[in-house]
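# Residue-level structural notes
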Amino acid sequence: MHKNHTLKTRHGKKSALLLCSVLAAGLSAQTAPESKPADDTVIELSPFAVTTEKDVGYKASNSIGGTRSNTPIKDIALNIQVFTKDLQNDLLTADQTQLSRYNAALVNGGASDTNRDISTGYNSFLFRGFIQNWGLRDGVREYDTVDSQGIARVEVVKGPAAALYGLSYAGGVVNTITKTADMTKNFAELRVTANDQGGQRATADLNYRGKIGTTNIKGAIRYNGAGALTQDAREHSKGKTRFNQINCTLQPLEGTEIQLLVSNGWVQKPNDLGYYSLTPTNAATYGASVVGIGAQKPLQVVHPEIPWTWNWADTTNVVSTGTNMYKLTFNQAVGENLHFTAYFQNNSRLNVAGYGWDDNGNSQNGSGWDVGGRYIQSGWIVNTAGDQVIRKVYHYRDWKDDDHAQGITGVYKLQTGPINNTFTAGWAHWDERFTSHKYHTRDAVDYKYWELPLRSGISTASPGAPNDYYLVVPGGNREHNQNSYYFGTWQMAAIDNRLKVNLAINHTQITNLIWDDVDTTVDYSNKVDISKNSPMVGVMFDITKEVSLFYVHSTSLFPTTDKNDFWKQMPSEVGKSNEVGVKVELLNGKISGTLSYYKIKKTGGGVRDSHADNRNKLDWDQYRANDAVQYSNEWYTIDQKGWSHNRDEITTADGKTGALGDLVPAELESKGFEADLVFQPLKTLQLVVSYAHNTEESTKGATMGQTNGGHVKDQVAGLVKYTFDEGSVKGLYIGTGYQYTGKSVADYQTVNGETVCRYYPKVFYLEAFVGYGFKAYGVNHNIQFNVKNLTKAADYFGWQDASSATALSTEPYKVPTYALYSLSYGISF
């Protein structure tokens, strides 16, 4: 069965830790650690690494995400924003997704302010209006959130970038840059944080550098660790987080550098923390009334004695993700102008989506399990005794990835007269195997289940695991994905470096085999086999030393794993973009940023057509035909299942609470204007402003004119920080962050044959922080107080009654939220 539900440790981890231990022992053999390079020489940085030493507060000067090599942002014909480590520290972020609030081009519907997210919410992350579900870590695909303790910075590269990374979404890429061992100094940073909702977090950042014994081999080792007990205002919400990262760097010869990265993470939180609701179809069964098209009444409205913070989660049914990452990198300089880097990387990932008594992993009433022809309702139901209860079925589901990546890149710099040239070329390969297990429990007759009374304050302690399991999905393959990339770029600077040209191309070969949900053999009709060239052309011209114009044409390629309800693969996504803009570095860099206008066309992938057939609609047809003959009542089975008599309201999943219609091949267009600016008029004052206006819509078929759920047309965000640098308050700093989000798309409903969009209201979010840094007893101290969600920005769930059964419900119910108060204390030396 599934006894081994933790990620296995492989020999690679033991070898990596052994190597790091040997390096640490060798470095510690020195008689005294040094705070500067041992021979007083400058440590030369690889062109494949970007240093954070040049970051000044919230401003970053260089990026690696826009060219694959360390390049000044002002010289890159792309719209790039960087979240620095200072910004992360001030906001007390737990992972990179929590930074998305402060780039207006991003909408993250699944981000948490209180806890580290398990992963980016599926289909809830929008970049320039387009859906995307993963980002990059050091230029290589990354599915999961990364603990902020292991992050040096986060780079947001806007627009298609397949020419750089082979696979990319049309909206852009978020590239998380990992911390590396520091070859220039020794240091230690320790911090503890606690909040008023019961959360606790402790972090450590330790770096040691020197020489190996009596040799001239330079080396450094760095450890970053984090542990947290997470909790929010909801009952039964306690979770756990742990993160360990070791970076080792050796420079055995001049021009040679070897880096080893070992990273291990684990995030866990309870399932079933969401909400239940009723619809017009099933409300009468519960003695309630729900009126209107699309109306949806939450349990807390039907039963106001139950608070929004209450739920029926228990501590045994948790969702968790464990990750291991091992990466070995070789950097070699051949003279001053030629550099090579090669890497070998292995990722292992296990996501346990549920392990215990479960209401089907979603937050709807009567969602039910329907596997192998056997059906039982779960969630908020009325049982055979006529009581309203929360019913759960014992359930296990996991998703496992084993990923291998390797690549080599060369950079050659050549000056030909007045023209400076940089050539980059390389190859990379990605190999991913994706497997899954799923179990239910039942006795010889039917599923076993557990029912809880419908009231708050009761014990939700699990009755323990049953003894038998029913295998639903065998432990076989789900996907085998292989991608190979051959890429090359040419960067040219001429006319006294006023003209910059960037040409890039990536040849990508994609092979993806997909297995059916219950079949153990590959479905070759769902095989993806693509070979494509993705170009990029960028041009910049400096009008003055402070103002530059740029134009970029770029493309994207992504083999979406989206499948329709009939398990048929959607075509691969291909994006094409044209963007023009201006970059400024005014008043000696005190004002810097990018303003741009873009237009992106994307074909492929899937878009939801609420009118399309799904499997439940076809079953609905069959039930009516059979019941008319067998029971002389064409609604018999449909009523038993609690389905609507309106065929258009039959959803995926359980027919009641999934999505309307089905996925169909998409053709989308996104266009808009963006402005990202950093102001540092004084060395003590920093301001960051990000604004985005975006229109994204389908341009083909029945969904023409519709946009993705969660889409926001106008969004603005910013940060302000002031630091006192003299007088009795020297070391004190205060700051605030804000985000205004216009109305967001909720869904589409059919009213009198017309498709109508529903929206969630606009939201204003505010947070603040104040801190004090001082030195005592030779140690740097820092105390910081943060308040998140000062405005108690509302969440929304369900839809209020309309004026009649044929009218559209347009007002959502507001779910109360709470401000979060945190206090942290740190020392560094």
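Residues numbered from 1 in each chain as written. Predicted model: local features only at pLDDT ≥ 70, side-chain atom pairs only at ≥ 80, totals over all residues. Heavy atoms only, no water.

On to the overall build of the protein chain, then. Of the regular secondary structure elements, the protein chain holds 6 helices and 43 strands. Residues classed as buried in the protein chain amount to 55% of the 829 residues present. By sequence separation, contacts in the protein chain at least 24 residues apart represent 68% of the contacts at least 6 residues apart. As displayed, the protein chain offers around 34,700 Å² of accessible surface, 55% of which is attributable to carbon and sulfur atoms. (Helix = DSSP H or I, 4+ residues; strand = E, 2+ residues; numbered from the N terminus. Buried < 20%, exposed > 50% of the residue type's maximum accessible area, 1.4 Å probe, protein only. Contact = heavy atoms within 4.5 Å. Areas by Shrake-Rupley, 256 points an atom, 1.4 Å probe, with all protein chains shown as cover.)

Scanning the entire structure with this criterion turns up 23 aromatic pairs. Ring centres of tyrosine 275 and phenylalanine 797 lie 5.4 Å apart, and the angle between their planes is 50°; this geometry places the pair in the tilted category. With tyrosine 275 in the loop between strand E15 (256-270) and strand E16 (277-278) and phenylalanine 797 in strand E41 (residues 795-799), the pair connects residues that are 522 residues apart, well separated along the chain. Of the two residues, tyrosine 275 and phenylalanine 797, neither departs from the other in class, the shared state being buried. The rings of Trp134, Tyr143, Tyr169 and Phe558 are connected pair by pair, giving a single aromatic cluster. (Phe/Tyr/Trp six-rings, centres within 6.5 Å; stacked < 30°, edge-to-face > 60°.)

Moving on, we get to the sheet that holds strand E9 (residues 151-158). Pairing is mixed across the open sheet formed by 5 strands, whose spatial order is E3-E9-E10-E7-E8. Only two strands of the sheet have a single partner each, and these edge strands are strand E3 (80-83) and strand E8 (140-142). Ignoring strand direction, the axes of neighbouring strands in this sheet form an average angle of 30°. Direction of pairing for E9 relative to strand E10 (residues 172-178): antiparallel, over a ladder of 7 bridges. Bridge pairing in E10 links lysine 158 to glycine 172. (Pairing = 2+ DSSP bridges. Axes fitted to C-alpha atoms, helices over the stretch in contact; angles between N-to-C directions.)

Alignment of strand E27 (residues 477-494) against strand E28 (residues 499-514), held across 16 bridges, turns out to be antiparallel. Directly across from threonine 489, in E28, lies its bridge partner alanine 504. In this antiparallel pair of consecutive strands, E27 and E28, the connection spans 4 residues, and isoleucine 495 shows a positive phi of 55°. Of the strand pairs in this sheet, E28 and strand E29 (residues 528-542) are connected by 14 bridges, and their pairing is antiparallel. Bridging across to E29, lysine 500 finds its partner in methionine 540.

Another aspect to go through is the nonpolar core. By size, the foremost hydrophobic cluster in this structure holds 36 residues, and its most contacted members are Leu78, Ile80 and Met536. Mapped onto this core, the elements with two or more residues apiece are E3, helix H3 (162-165), strand E24 (419-440), E27, E28, E29 and strand E30 (547-558). Counting 25 residues, the second-largest nonpolar core is a separate cluster that includes Ala288, Trp310, Ile390 and Tyr396. (Core = buried A, V, L, I, M, F, W, Y, C linked by side-chain atoms within 4.5 Å.)

Another point: the confidence of the model for the protein chain. Scored by pLDDT, the protein chain comes out at a mean of 86, with 85% of its residues at no less than 70. Ranking the elements of the protein chain by mean pLDDT puts strand E20 (residues 369-371) last with 50 and strand E40 (residues 779-788) first with 98. A low-confidence stretch, residues 29-36 (pLDDT under 50), is modelled with 13 contacts involving residues beyond four sequence positions or located in other chains. Within the model, the stretch residues 38-42 combines pLDDT values under 50 with 4 contacts to residues more than four positions away or in other chains. (pLDDT = per-residue confidence, 0-100.)

Before going further, it helps to examine the pattern of salt bridges. Applying the stated rule across the entire model yields 33 salt bridges. For glutamate 674, the salt bridge goes to arginine 128, with nearest N and O atoms at 2.9 Å. Of this pair, glutamate 674 sits in strand E33 (residues 662-682) while arginine 128 sits in the loop between strand E5 (125-127) and strand E6 (130-131), placing them 546 residues apart in sequence. Judged by relative accessible area, glutamate 674 falls into the buried class, the value being 1%. (Salt bridge = Lys/Arg side-chain N within 4 Å of Asp/Glu carboxyl O.)

On to unusual backbone geometry, then. One non-glycine residue, asparagine 588, adopts positive backbone phi at about 55°. Mapped onto the secondary structure, asparagine 588 falls in the loop between strand E31 (573-586) and strand E32 (591-609). In this structure, asparagine 752 is a non-glycine residue whose phi angle is positive, near 50°.

By the secondary structure assignment, asparagine 616 is in helix H5 (residues 615-630). Owing to a relative accessible area of 11%, asparagine 616 belongs among the buried residues under this scheme. With residues near it in sequence (within four places) discarded, asparagine 616 still touches Asp565, Trp643, Ile650, Thr651, Thr652, Ala653, Asp654 and Gly655.

Let us now look at the sheet that holds E6. Either a parallel or an antiparallel arrangement is found when strands of a sheet pair, and the pairing is made through backbone hydrogen bonds. The 3 strands lie next to each other as E4-E5-E6, forming an open sheet whose pairing is antiparallel. Sheet topology places strand E4 (106-108) and E6 at the edges, where each strand pairs with a single neighbour.

So, on to a nonpolar patch on the surface. Side chains of Val192, Leu682, Tyr722, Ile734, Val770, Ile783, Phe785, Tyr821, Leu823 and Tyr825 sit close together on the surface and give an oily, nonpolar patch of about 830 Å² of accessible area. For the nonpolar patch, the elements supplying multiple residues, two or more each, are E40 and strand E43 (820-828). With 3 residues, the top contributor of residues to the nonpolar patch is E43. Considering the arrangement of structural elements, one finds isoleucine 783 in strand E40. (Patch = residues over 30% accessible without salt bridge, like charges linked within 9 Å, V, L, I, M, F, W, Y side chains within 5 Å.)

What follows is about H5. End to end, H5 covers 22 Å across 16 residues, agreeing with the expected 22 Å (1.5 Å per residue, within 8%). Inspection of H5 places Asn616, Lys617, Trp620 and Asp627 among the buried residues, and these make up the whole buried set. Viewed end-on, H5 has its buried residues packed into an arc of 100°, placing them on one side of the element. For H5, exposure combined with an orientation more than 90 degrees from the buried face picks out Val629 and Gln630. (Expected span 1.5 Å × (residues − 1). Arc of directions from axis to C-beta.)

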